[in-house]
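Geometric and topological summary
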Amino acid sequence: MAGNDKKTEGWRPATQLVHEGTLRSQFGETSEAIFLNSGYVYENAEEAEARFKGEADGYVYSRYANPTVSMFERRMCALEGAEAARGTASGMAAVAASMLCHLKAGDHVVAGRALFGSCLYIVEDLLPRYGITSTLVDGGDLGAWEAAVTPNTKAFFFETPTNPVLELVDIEAVARVAKSCGALTIVDNVFATPLGQRPMALGADIVVYSATKHIDGQGRCLGGVVLGPQDFIDETLHTFLKHTGPSLSPFNAWVLLKGLETLPLRVARHCESAARIADFLADRPGVTRVHYPGRADHPQHAIAKKQMAFGGPLVAFEVGKTKADAFTFLNALQIFSISNNLGDAKSLATHPATTTHQRLTPETRADLGIFDNTIRISVGLEDAGDLEADLDQALAKAT
Ligand SMILES: *Cc1c(COP(=O)(O)O)cnc(C)c1O
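Only a predicted model underlies this, so the values are computations on that prediction, with no experimental measurement involved.

Looking at the packing of aromatic side chains
Ring pairs (aromatic) are described by centroid distance and by the angle formed between their planes. Taken as a whole, this structure holds 6 aromatic pairs when the rule is applied. Arranged with centres 5.9 Å apart and planes meeting at 85 degrees, the rings of Y61 and Y64 form a pair that is edge-to-face. What makes Y64 partly exposed here is its relative accessible area of 25%. Members of the aromatic cluster, each reached through a chain of ring pairs, are W145, F156 and F158. Directly above the ring of Y64 sits K242, whose terminal nitrogen or CZ lies 4.8 Å from the centroid.

So this is what it looks like as structure tokens:
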């Protein structure tokens with residue numbers, strides 16, 4: 001393994017996303033190699049002993065580390081400005097590990113109540129089964145975060161913008177509360193994308209991604225990543241992952257690594273089109289409300305301006321009045337596909353109340369701003385004019 005032949009320090013993100021972390025083999029391949037292997041061989045027994053003792057560098061087993069996975073992790077570190085990272089099999093493996101690796105019975109977690117469904121399951125159902133209590137708060141209410149702190153609070157967890165109606169959490173202010181009580185701030189940064197928001201620069205300790213979304217960006221594979229300080233990642237998290245095994249497949253790591261090369265181009269287009277579509281929807285008579293952090297009418301637009309580079313790739317809105325209106329609208333779409341996924345080249349639309357958030361009561365949904373006529377769209381890479389025309393013809397049928 002010759003390693004990277006380029007010194008990438010000082011390069012801007014678009015350059016690092018093409019070159020950082022490349023481990024070139026003795027064959028001198030241009031594109032990164034896929035090391036699709038589980039194990040490694042040693043020159044002799046002494047070498048094996050030294051690697052197991054951590055006295056010699058080198059790979060031991062792909063559940064612990066793998067060269068293609070390492071390339072992805074190093075490139076993600078450069079992008080995020082993090083000291084260290086570990087890839088995981090999915091975004092949920094990253095979220096679960098970021099909490100389970102350091103929390104223990106008796107600890108307490110404070111989390112934003114508007115969470116991706118499986119994240120809510122971890123905080124609300126799974127952690128309490130192991131004696132880790134949790135309090136869910138309105139993420140936009142700073143006083144609620146402060147009031148929820150107990151002497152045992154060890155972690156703050158939230159996403160911003162939130163799923164699905166894109167409410168914001170003031171990362172800097174909430175991280176300051178966490179720091180003052182000695183808790184780690186863990187941010188799920190999927191909806192903003194790594195190019196749109198830098199939680200660590202705002203005081204967060206740990207950032208997690210579902211790489212399944214914009215990092216892959218073409219709907220091909222699952223993956224996740226946890227980024228943070230060297231000691232947390234290399235000791236606390238690594239030990240947990242090594243022994244519990246939610247490893248990122250080297251093949252998927254390679255897909256994600258190649259995704260990073262085009263991430264700035266894709267995210268710029270996703271967000272430019274999303275901003276345009278949010279404005280377009282706000283002017284349609286059949287649309288009663290648009291949620292988009294980049295618009296001046298977003299109730300937390302000031303926070304968006306402070307912490308987000310752009311409004312993001314997702315838009316939520318209310319169409320007509322009823323579930324029937326929303327379903328007529330979804331069923332009439334021709335370019336947008338009905339899918340709960342997001343961050344794909346293909347534009348996707350979903351009805352949160354009957355899919356991702358169906359397990360909540362109507363009252364809880366209403367509290368979270370999710371109504372029977374709420375639609376969330378993930379804006380893809382198609383021509384924005386075509387997408388507007390598609391939304392327009394579906395609105396005409398629904399309202
Ligand atoms: C998709 C998603 C996850 C889960 O990621 P998977 O890769 O599907 O496991 C977690 N958080 C957010 C905000 C997501 O969008």
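Re the nonpolar core
Membership of the largest hydrophobic core comes to 34 residues, with the highest contact counts inside it found for F72, M76, Y209, I215, L227 and L260. Elements with a contribution of two residues or more to this core: α3 (67-80), β6 (206-210), β7 (224-228) and α9 (250-282). If one sorts the elements of this core by residue count, α9 sits on top with 8 residues. If you look at the next biggest cluster of nonpolar residues, it comprises 33 residues, including A94, A97, M99 and I233.

Describing the sheet that holds strand β10 (residues 337-338)
If you walk across this open sheet you meet the 5 strands as β8-β9-β12-β11-β10, and the pairing is mixed. In this open sheet, the two strands that pair with only one neighbour each are β8 (287-291) and β10. Examined bridge by bridge, strand β11 (residues 348-350) and strand β12 (residues 374-378) share 3 bridges and lie antiparallel to one another. What sits directly across from T350, in β12, is R376. Packed on one face of the sheet, α9 meets β8, β9 (314-319) and β12 and runs near 15 degrees to β9. Taken strand by strand, helix α11 (residues 323-332) contacts β9, β10, β11 and β12, and its axis lies near 130 degrees from that of β9.

Basis of the calculations
- Residues numbered from 1 in each chain as written.
- Predicted model: local features only at pLDDT ≥ 70, side-chain atom pairs only at ≥ 80, totals over all residues.
- Heavy atoms only, no water.
- Phe/Tyr/Trp six-rings, centres within 6.5 Å; stacked < 30°, edge-to-face > 60°.
- Buried < 20%, exposed > 50% of the residue type's maximum accessible area, 1.4 Å probe, protein only.
- Lys NZ or Arg CZ within 6 Å of the ring centre and 35° of its normal.
- Core = buried A, V, L, I, M, F, W, Y, C linked by side-chain atoms within 4.5 Å.
- Helix = DSSP H or I, 4+ residues; strand = E, 2+ residues; numbered from the N terminus.
- Pairing = 2+ DSSP bridges.
- Contact = heavy atoms within 4.5 Å.
- Axes fitted to C-alpha atoms, helices over the stretch in contact; angles between N-to-C directions.

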